[in-house]
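Given next are the chains, with one letter for each unit.
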Amino acid sequence: MVEALGVAVVGFGWMGRVHTQAYARVRHHFPALALRPELVAVADEVPGRAEAAAEQFGFRATTPNWREVVADPRVHAVSVTAPNFLHREIGVAVAEAGKHLWIEKPVGLTAEDAGAVADAVAKAGVQGAVGFNYRNAPAVEAARALIASGDLGTVTHVRVRLFSDYAAHPDSALTWRYERARGGSGVLGDLASHGVDLARFLVGEIASLSADTAVFIPRRARPSGATAGHARASGGALGPVENEDYVGCLLRFASGARGVLEACRVSVGEQNAYGFEVHGTEGAVFWDFRRMNELGVSRGTAYQDQPVSTVYAGPGDGEFAAFQPGAANAMGYDDLKVIEAYRFLRSIAEGTAYGATLGDAVRSAVVLRAMERSAQRGAWVTVPEA
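Residues numbered from 1 in each chain as written. Predicted model: local features only at pLDDT ≥ 70, side-chain atom pairs only at ≥ 80, totals over all residues. Heavy atoms only, no water.

Notes on helix α2 (residues 49–57)
Note: α-helices contain 3.6 residues per turn, so residues at a spacing of three or four share the same orientation. Under the convention used in this document: The buried label applies to any residue whose accessible area, calculated with a 1.4 Å probe on protein chains only, is under 20% of its type's maximum; exposed applies above 50%, and partly exposed to all values in between. Numbered from the N terminus, helices here are DSSP runs of H or I no shorter than four residues, and strands are runs of E no shorter than two. Throughout, the arc means the angular range of directions from the helix axis out to the C-beta atoms. Two residues qualify as a contact provided that any one of their heavy atoms is within 4.5 Å of a heavy atom in the partner residue.
Within the span of α2, buried status applies to Ala-50, Ala-53 and Ala-54. End-on view of α2: buried residues confined to an arc of 100°, all on one side of the axis. Contacts from the buried residues of α2 go to β2 (35–43) and β3 (61–63). Count one or two residues on from α2 and you reach Gly-58, which has phi positive near 90°.

Quick notes on the pattern of salt bridges
Short version of the rule: We define a salt bridge as a side-chain nitrogen of Lys or Arg found within 4 Å of a carboxyl oxygen belonging to Asp or Glu.
Enumeration according to the criterion identifies 29 salt bridges in this entry. A salt bridge links Asp-335 to Arg-25; the shortest N-O distance between them is 2.6 Å. A residue pair is termed long-range when its members are at least 10 positions apart, and Asp-335 in helix α9 (residues 333–350) and Arg-25 in helix α1 (residues 14–29) qualify at 310 residues. Given the relative accessible area of 23%, Arg-25 is considered partly exposed. Across the pair Arg-343 and Glu-319 runs a salt bridge whose closest N-O atoms are separated by 3.3 Å. Separated by 24 residues along the polypeptide, Arg-343 in helix α9 and Glu-319 in the loop between β16 (309–312) and α9 bring together distant segments of the chain.

Regarding the packing of helix α4 (residues 87–96) against helix α5 (residues 111–124)
For the record, the criterion: Fitting a line to C-alpha atoms yields each axis, with helices limited to the stretch in contact; the angle taken between N-to-C directions then spans 0 to 180 degrees. Convention used here: angles under 35 degrees read as roughly parallel, angles over 145 as roughly antiparallel, angles from 65 to 115 as roughly perpendicular, and any remaining angle as oblique. Under the scheme applied here, ten amino acids are nonpolar (Ala, Val, Leu, Ile, Met, Phe, Trp, Tyr, Cys and Pro), four are charged (Asp, Glu, Lys and Arg), and all others, including Gly, are polar.
For the pair α4 and α5, interaxial distance at closest approach is 8 Å and the crossing angle is 5°. In terms of orientation, α4 lies roughly parallel with respect to α5. Each of His-87, Arg-88, Gly-91, Val-92 and Ala-95 in α4 lies in contact with α5, whose residues at this interface are Glu-112, Asp-113, Ala-116, Val-117, Ala-120, Val-121 and Ala-124. Here the contact of α4 with α5 is built from residues that sort into 7 nonpolar, 2 polar and 3 charged.

Note that all results are geometric; they support no functional claim without further evidence.
This is the structure in C-alpha cells:
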C-alpha cells in the first residue's frame, strides 16, 4: 500500500520550482516507491509568488510566512530552498517540529550553521537530505565505481572545476548573494561546495589544502525592488561585493592523492562548465556536466600513449534505468533532482539514509571554512577530521 506524505516548499524561486517538479515526477520514474508526495503548502514572502505556484502545481495552501508551514500538521516533509541566511533557522525549526528535511546547499552561512541543522535532524530522528545533485548523475556514479574497483590503479591526482558566467555581467544586481550577512561566502558556498562534495564522493576525505580567493567585480548596483535569479540593476546606487568571485585551491587527500579545485562565478565564455578529471597509476576518468551522460575512460597496461574511450551511461549506472531504456539516451539536470527526491523519500520510507546527507553538508562546510582560512593566512591549512 502506498502512503501519502504531505510535503511543503519554503522559497519558490527557481530551486523551489525544481523541487516541486521533482516531487510531481518522482513516482512516474520510481513507481515502487512506498510514499506518494502530496503538495500541501508553499511559502514565499515575494507577493504573488506562492499563489502562482499553487495555481500551477496544485499546492493546497499558500503563505508568506514559513513558520505556518512548519506548524501545519498536514506537512510531514519540507524542502528548504530559501536564501542561504535563512537555512539554519528554518532547517532547525523543521527538524524540531518532527518533519523530514530536504535542504539546499550551503546549509547556512557557516560550518556551525550546517552542524546545528545536522544536530537537530539527528536529535529529532527525522531524515535529512542536502542538494548535492551532481553526485546523482549516473555517469558520476559509474566513475565512482570505476575508481573504487581499482581499474585506474591508485588515484594520484584530481582536478575539479566549476566555472560559470551567471555573475559575469557588471550590471548584475547587488542581491543578498553578494553580502556576507545574508549570502555568506560567495562562489565557495555556491559552486565550490559542489566541487568539495564531488571530490569527497569520488576520492575520499580532504586532509589539508591551500587556497586563494579573489573578487573581480568589486561593486554592483543595488536593486530597486525584489529580484529573482541574477537580474540586472544598472543605474542603481553602487555597493560593495563582500564575498569572493573566484577560488583556486590545492588539495591533499587523506589517501595521499593530490588535487586542484577551481570555481568561478564570473567566467566569461563559460556556462555551467563543471566537471572533474581523476588520474590513477593505471588510467584516468573524465566527466563534463555539459555532456552529463558521458565519461572519458582510459585504462589498460599501455601507460604511455594509452587511448581515451567515450563510455555512455546506461542501465546499471546509478538510477539511469528509471529514466531511459538504453545507453546514450540523454538525461538532464532536472532528472538529477528527481533522483534526489527519490532518495529522500526512500530514506523516509525505510528509515535509512540514501544519497547526500546533512553529514555530507557539514564535511563540505568544514572544508570550505578551511579554504577561507587558508586564503586569509596565505598558508596551508589542515582540515579537521570528522
